[in-house]
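# Coordinates in review
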Amino acid sequence: MADEAPGMLDALMDFVVRYLPDDVRDLESELEDRLHKVPNQVNEFGFDPYGLSLEAARRMFLPTALMYRFYFRVEHRDIDRVPEGRVMLIANHAGQLPFDGAMLTMAMLLDADPPRICRSMGEYFLPRLPWLGTAMARGGAMVGTPENCVHMLDNEECVLAFPEGARGMNKPYTERYRLQRMGLGFMRLALETSTPIVPVAIVGSDDQQPGIANFEALGRRLGLPALPITLGFPLLGPLGMLPLPVKYHIYFGEPMVFAGDSADDDVTIQQNVDAVKETIEAMLARGVHERKGIFT
Amino acid sequence: MEKVLITGIAGGQGRLVAKRLIDRYEVCGVDRVDWAGRPEGVKVHVVDLTRKKFEDVIRTELPDHVIHMGFIRHFRSDEQTRYDVNVRGTRKLLDHCVHHGVRSLVVMSSSYVYGAFPENPYYMDEDSPLSASRSYPEIRDLVEVDALATAFLWRYPHIRTTVLRPVNVIGYYVHSMIGQYLRERRVPTVMGFDPMMQFIHEDDCATAIAIAVERQLQGVFNVTGPGEVPLHTAIRESGGIAIPVPEFLLRPALARLFDFGLFPYPPGALDYLKYPITVSGERFMDAANFQPDHSLRETLESVHI
């Protein structure tokens, strides 16, 4: 695929991988093996109807998988609680850049049995950014419109959503491990499609990039949902985007099944959302309490 | 034998549809140019849809069915002419259908009317908003045509009206924008963007139109083909070489070239190379029992055969 720019990156990746230690190559073949175990709708050209490519995903996920195993050293508990078939993973969101989503995706792919490809519901502005929108699609993500979410659940996929959105991801350090307001959309969609919700608490992301301030208004001007100032960013430039090597702990809760009318008023829906939020909060509090330090 | 009148009969798609229907219907058509070498029995009236003479054609031919695909889709003519032919022509045609006892009408719209936007959900159904003119004002006349036809559908239920919105139609005969684009050897793309695109072969599209006439459908339908691939894969499979160009260079350059008449599409068309418009064709497949004959590979290769 030398006919497109990402192809050059792929070739470079292949070159790098060839000269990497065995650990890395083992991880790559593990990724490939796991990716092909996931049921898919990939056509003769290697793409599913939503732009997912197993080949591209394998290449893109390698750095992510390396971070999962060797950088964040992710540990998880009760991953077998995620049921087969349609399911929504609802997690807390933090850390300025969505490494939490990436790590949860890796956990589901590398350590869940059978492996799943998380279908992440992304921000609407992401496809506007060159390469990023394409990368999203190739890895199985898409803009988080209600229609897309329903498609995915009807296809019995595993949907990953962070109902706090940018409110959670770009909150300052003083707010760490405090859940922000969650949108109600995910609950309506879960009711509409009778989808079990697995609450997920991610411990670690709140410490990876301590936020000092968020110049939201300026960020909006630049077409971004936030413009966080962290210890390293923008002081150290792109290098400042690198997260601290904190240790990640991911806790999976019991699946929660809600019944009711998806068109109910906000107050009723809010009660269900609060139930999910409280479950995540409790798991999060326990997780923070149990760990010995942010790097262990 | 029932009679079908096709507007735009001399165009690539019009010819294919005429040939498809000739065994079962008496076929006549109107177009702004004659169809040289047309099959025997097909009558072509060279007339402009906006002229008085067009009504005379309908009055004398008295067709049972009308297929309306006589639109100007290119940008070589000025905006006023495009508007006159597309919007006012459609308006007049609809009136003629009411006054001259037409029993069924098929209007060829396109999935382009939904518009290409980053926030587009995948596989939109027919109820999705028609937003094309938000980013691509030059085709607002085609959006208006779709809206006119849809309103007509509800207003005159005794005339069986079908609005078809096919995905990218490609093939040897059809001169679609995307077909011409894919026919190039070196194809400029927007660097960093590679949206999913759906395609349908011109023969399959002709079949879909024929079914709509035969089955006397009523409603608005997306028409989808054998599948979808990212743009760069489509370019490669149809034998081209993609040349990705950064948008900040490409957009102003194309705008200038378009202004000077050196490039056939306005810069709004670029969004169709950046963001996906994917539609669900389920409703039509159910209502018409339609399945495309050509595989995705055959469809993509057909731009050159």
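Structure's up top.
We now turn to the structure provided with this report. (Residues numbered from 1 in each chain as written. Chains lettered and ligands numbered in written order. Predicted model: local features only at pLDDT ≥ 70, side-chain atom pairs only at ≥ 80, totals over all residues.)

## Quick word on the environment of Thr-299 of chain B
Residues and elements named next belong to chain B.
- Turning to its location among the elements, Thr-299 is positioned in helix 11 (residues 296-301).
- Owing to 28 C-beta atoms within 10 Å, Thr-299 belongs among the buried residues under this scheme.
- In this structure, the C-alpha to C-alpha distance between Thr-299 and Ser-128, residues 171 residues apart in sequence, is 26 Å.
- Leaving out residues up to four positions away in the same chain, Thr-299 has contacts with Ile-170, Phe-199, Ile-200, His-201, Gly-225, Pro-226 and His-294. (Helix = DSSP H or I, 4+ residues; strand = E, 2+ residues; numbered from the N terminus. Buried ≥ 20, exposed ≤ 12 C-beta atoms within 10 Å, placed from the backbone. Contact = placed C-beta atoms within 7 Å.)

## Examining the sheet that holds strand 4 (residues 65-68) of chain B
Residues and elements named next belong to chain B.
- The strand order across the open sheet built from seven strands is 3-2-1-4-5-6-10, with neighbouring strands paired in parallel fashion. Looking along the sheet, the strands with just one partner apiece sit at the ends: strand 3 (43-46) and strand 10 (219-223). Each strand of the sheet is rotated relative to its neighbour by a mean of 20°, with strand direction disregarded.
- One ladder, built from five bridges, connects strand 5 (residues 104-108) with strand 6 (residues 160-166); its direction is parallel. Within strand 6, the position partnered with Met-108 by the bridge is Leu-164.
- Sitting on the sheet, helix 5 (residues 140-155) is in contact with strand 5, strand 6 and strand 10, with an inclination near 150° to strand 6. (Pairing = 2+ DSSP bridges. Axes fitted to C-alpha atoms, helices over the stretch in contact; angles between N-to-C directions.)

## A closer look at the interface of chain A and chain B
- With 23 residues of chain A at the contact, the number on the chain B side is 22 residues.
- Of all the elements in the fold, those that place two or more residues in the side of chain A that touches chain B are helix 5 (132-138), strand 4 (142-143) and helix 6 (146-154) of chain A.
- A per-element tally of the side of chain A that touches chain B places helix 6 of chain A first, with three residues.
- Residues belonging to the side of chain A that touches chain B are distributed by class as follows: eleven nonpolar, seven polar and five charged. (Nonpolar A, V, L, I, M, F, W, Y, C, P; charged D, E, K, R; others polar.)

## Description of the sheet that holds strand 4 of chain A
Residues and elements named next belong to chain A.
- Spatial strand order, 1-9-6-2-5-3-4: seven strands in an open sheet with mixed pairing. Because the sheet does not close on itself, it has two edges, and the strands there are strand 1 (75-77) and strand 4.
- The sheet contact formed by strand 2 (residues 87-91) and strand 5 (residues 158-161) spans four bridges and is parallel. Note that in strand 5 the partner of Val-87 across the bridge is Cys-158.
- In the packing of helix 4 (residues 99-111) onto the sheet, the strands contacted are strand 1, strand 2, strand 3 (118-122), strand 5, strand 6 (197-203) and strand 9 (249-252), and the crossing angle to strand 3 comes to about 165°.

## Concerning the nonpolar core
- Counting residues in hydrophobic clusters, the biggest one holds 164 residues, and the most contacted among them are Leu-89, Met-103, Leu-104, Val-200 and Ile-250 of chain A together with Ile-209 of chain B.
- Other than its neighbours up to four places away in sequence, Ile-209 of chain B contacts Val-17, Ile-67, Val-106 and Leu-164 of chain B. (Core = buried A, V, L, I, M, F, W, Y, C linked by C-beta atoms within 7 Å.)

## Section: helix 9 (residues 247-259) of chain B
- Its 13 residues give helix 9 of chain B an end-to-end C-alpha distance of 18 Å, which sits within 8% of 18 Å, the value for a rise of 1.5 Å per residue.
- Looking at the residues trailing helix 9 of chain B, positive phi occurs at Gly-261 of chain B, about 75°. (Expected span 1.5 Å × (residues − 1).)

## Observations concerning the pairing of strand 4 of chain B
All names here are of chain B.
- Burial of the side chains of strand 4 extends over both faces: His-65 and Ile-67 are buried on one face and Val-66 and His-68 on the other.
- The pairing of strand 1 (residues 3-7) with strand 4 spans four bridges and is parallel. Bridge pairing links Thr-7 to His-68 in strand 4.
- Pairing of strand 4 with strand 5 involves four bridges; the strand directions are parallel.

## A closer look at the packing of helix 1 (residues 12-21) of chain B against helix 7 (residues 202-214) of chain B
All names here are of chain B.
- The geometry of helix 1 relative to helix 7 is characterised by a closest axis approach of 9 Å and an angle of 55° between their N-to-C directions. It follows from the interaxial angle that helix 1 and helix 7 lie oblique. In the crossing of helix 1 with helix 7, the sense of the turn from one axis to the other is right-handed. Of helix 7, the residues touching helix 1 (which contributes Gly-12, Gln-13, Leu-16, Val-17, Arg-20 and Leu-21) are Glu-202, Asp-203, Cys-205, Ala-206, Thr-207, Ile-209, Ala-210 and Val-213.
- Considering only residue class, the contact of helix 1 with helix 7 consists of eight nonpolar, three polar and three charged. (Parallel < 35°, antiparallel > 145°, perpendicular 65-115°, else oblique. Left-handed = near helix turned anticlockwise from the far one by under 90°.)

## Topic: the environment of Asp-259 of chain B
- Within the fold, Asp-259 of chain B resides in helix 9.
- Expressed as a C-alpha distance, the spacing of Asp-259 of chain B and Trp-35 of chain B, which sit 224 residues apart in the sequence, is 32 Å.

## Here's the deal with the pairing of strand 2 (residues 26-31) of chain B
Residue and element names in this part refer to chain B.
- Across the six residues that make up strand 2, a large majority, five, are buried.
- Where strand 1 and strand 2 come together, five bridges link them in parallel fashion. Among the inter-strand pairings, Val-4 is bridged to a residue of strand 2, identified as Val-27.
- In this region the chain leaves strand 1, passes through helix 1 and returns to the parallel neighbour strand 2; the handedness of that crossover is right-handed.
- In terms of strand pairing, strand 2 meets strand 3 through four bridges, oriented parallel. Paired with Asp-31 across the strands is Val-46, a residue of strand 3. (Right-handed = clockwise from strand over helix to strand, strands pointing away.)

## Observations regarding the packing of helix 3 (residues 54-71) of chain A against helix 4 of chain A
Residues and elements named next belong to chain A.
- Interaxial distance between helix 3 and helix 4 falls to 10 Å at its minimum, and their mutual angle equals 90°. Viewed along their axes, helix 3 and helix 4 adopt a mutual orientation that is roughly perpendicular. Residues Thr-64, Ala-65 and Tyr-68 of helix 3 touch helix 4, and the partners they reach there are Ala-102, Met-103, Met-106 and Leu-110.

## Some thoughts on helix 3 of chain A
All names here are of chain A.
- Over its 18 residues, helix 3 extends 24 Å from the first C-alpha to the last, a length consistent with the 26 Å expected when each residue adds 1.5 Å.
- Phe-61 marks the point of greatest bend in helix 3, at about 40°, and the proline Pro-63 comes within the next four residues.
- Among the residues making up helix 3, those that are buried are Ala-56, Ala-57, Arg-58, Arg-59, Met-60, Phe-61, Leu-62, Thr-64, Ala-65 and Tyr-68.
- Phi turns positive, to about 45°, at Arg-73, one or two residues after helix 3. (Bend = angle between axes of the 7 residues up to and from the residue.)

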